[in-house]
Amino acid sequence: MKDNLRYLMEKAKENPYSLASATGVPQPTIHRIVEGESKSPRDKSLRPLAEYFGVTLQDLRYEDLRARDARAVGNGEAHKESGFQEGAVYKLNNGFRKVPVVGRAELGPDGFWAEIEYPVGEGDGFIFWPTKDKNAYAVEAHGDSMAPRIKHKEFIIVEPNSDVLPGDEVLIKTREIPPRCMVKIFQYTRDDRHHLGNINNEYEDFKLDKALVDKMHFVAGIAKRRMHRHE
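The structure reproduced in this document is the subject of the present report.

Criteria and thresholds
Residues numbered from 1 in each chain as written. Predicted model: local features only at pLDDT ≥ 70, side-chain atom pairs only at ≥ 80, totals over all residues. Heavy atoms only, no water. Salt bridge = Lys/Arg side-chain N within 4 Å of Asp/Glu carboxyl O. Helix = DSSP H or I, 4+ residues; strand = E, 2+ residues; numbered from the N terminus. Buried < 20%, exposed > 50% of the residue type's maximum accessible area, 1.4 Å probe, protein only. 1 Å grid on protein atoms, 1.4 Å probe; cavity = no way out; pocket = protein on both sides within 12 Å on 5 of 7 lines; lining within 4 Å. Points joined across faces, edges and corners; volume = space filled by probe spheres on them. Nonpolar A, V, L, I, M, F, W, Y, C, P; charged D, E, K, R; others polar. Core = buried A, V, L, I, M, F, W, Y, C linked by side-chain atoms within 4.5 Å. Contact = heavy atoms within 4.5 Å. Pairing = 2+ DSSP bridges.

1. A look at the pattern of salt bridges
Here is step 1: Tallying each qualifying case throughout the model produces nine salt bridges.
Here is step 2: Arg 61 is the partner of Asp 43 in a salt bridge, and the nearest nitrogen-oxygen pair spans 2.9 Å. Of the two residues, Asp 43 is situated in helix α4 (residues 43–53) and Arg 61 in helix α5 (residues 57–62); the sequence distance between them amounts to 18 residues.
Here is step 3: Relative accessible area serves as the criterion here: at 34%, Asp 43 is assigned to the partly exposed category.
Here is step 4: Residue Asp 59 is joined to Arg 68 by a salt bridge in which the shortest nitrogen-to-oxygen separation is 2.8 Å.
Here is step 5: The class for Asp 59 is buried, based on a relative accessible area of 17%.

2. So, unusual backbone geometry
Here is step 1: Phi is positive for Lys 153, close to 70°, though the residue is something other than glycine.
Here is step 2: Looking at the element boundaries, Lys 153 is found in the loop between β6 (137–142) and β7 (155–159).
Here is step 3: Given the relative accessible area of 28%, Lys 153 is considered partly exposed.
Here is step 4: Despite not being glycine, Asp 192 has its phi angle at roughly 60°, a positive value.

3. Focus: the layout of surface pockets
Here is step 1: Taken as a whole, the second largest pocket holds about 380 Å³ of empty space.
Here is step 2: As for the second largest pocket, its lining consists of 17 residues, of which Lys 44, Arg 47, Pro 48, Pro 148 and Lys 151 are closest to the centre.
Here is step 3: If one sorts the elements of the lining of the second largest pocket by residue count, α4 sits on top with five residues.
Here is step 4: Looking at the lining of the second largest pocket, its residues break down into five nonpolar, four polar and eight charged.

4. Some details on the nonpolar core
Here is step 1: Leu 5, Leu 19, Ile 30, Leu 49 and Ile 127 are the most contacted members of the largest nonpolar core, which totals 30 residues.
Here is step 2: Of all the elements in the fold, those that place two or more residues in this core are α1 (2–12), α2 (16–23), α3 (27–34), α4, α5, β3 (96–107), β5 (126–130) and β7.
Here is step 3: The element contributing the most residues to this core is α4, with five residues.
Here is step 4: Those residues in contact with Leu 19 that sit more than four places away from it in its chain are Leu 5, Met 9, Glu 14, Gly 24, Ile 30, Leu 49, Tyr 52 and Phe 53.
Here is step 5: One finds Val 139, Ile 150, Val 158 and Ile 199 within the second-largest nonpolar core, a separate group that totals twelve residues.

5. What to know about the environment of Glu 140
Here is step 1: Within the element layout of this structure, Glu 140 appears in strand β6.
Here is step 2: Sequence spacing of Glu 140 and Glu 106 is 34 residues, and the spatial spacing of their C-alpha atoms is 8.6 Å.
Here is step 3: Ignoring any residue separated from it by four or fewer positions in sequence, one finds Glu 140 in contact with Val 101, Gly 103, Arg 104, Ala 105, Asp 124, Lys 153, Glu 154 and Phe 155.

6. A few points about α1
Three- or four-residue spacings in an α-helix give side chains the same orientation, since the helix completes a turn every 3.6 residues.
Here is step 1: Buried residues of α1: Asn 4, Leu 5, Tyr 7, Leu 8 and Met 9, and no others.
Here is step 2: At the C-terminal side of α1, Lys 13 shows a positive phi close to 55°.

7. Focus: the pairing of strand β9 (residues 181–190)
Here is step 1: Bridge count for strand β8 (residues 169–174) against β9 is five bridges, and the pairing is antiparallel. Pairing of Glu 169 across the sheet is with Ile 185, part of β9.
Here is step 2: Hairpin connection from β8 to β9: six residues lie between these consecutive antiparallel strands.
Here is step 3: The sheet contact formed by β9 and strand β10 (residues 193–198) spans six bridges and is antiparallel. Bridging from a neighbouring strand, Lys 184 pairs with Asn 198 of β10.
Here is step 4: Adjacent in sequence and paired antiparallel, β9 and β10 are bridged by two residues, among which Asp 191 carries a positive phi angle near 55°.

Dropping the structure here:
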């Protein structure tokens, strides 16, 4: 695990101080992990690091990420940045793409928000994120009603083409006027009603009629402010 974190930091040109600033994980904690002093860090500490680097918690703990990337290059999952020539530079095709920021979520005290969408063809930059969904998009969160899971000015990464399974976080927009938007935990559907849990324990779980749902999209992750880029 310490080797994985060292490798990811090396690729991203991060140090313990910059990584702590980007993820909210204390710098001493990061230092202890990379130095091998923390043999079994808690998920609470590792999850923000995994999300920042676009890997799973399981991979960060147990996979040999350097060897996996090397195998990917050997299996042809790389392309040359220049023409075919001796000594050409290869760049790993690791599935990252520019995910456009298409709107802003003004988080309210009741756990819902007013969605502010940009006109077609416009937006507010992008998040570089590992996804296979060509229609993936990001929404900037304002407010702190979903803290600590979603903090002010972090970005909700959404994959509209991914299947939604019980336990997944989902972004929901209703057909009401005005529509309600929310990020919830999908539990199950029964009798034409979605049963949904709340990320913030201050709010109660509730049910929502399927007929009221305009969209329910899989939330792939939460991106830190540092990951936002302008065109």
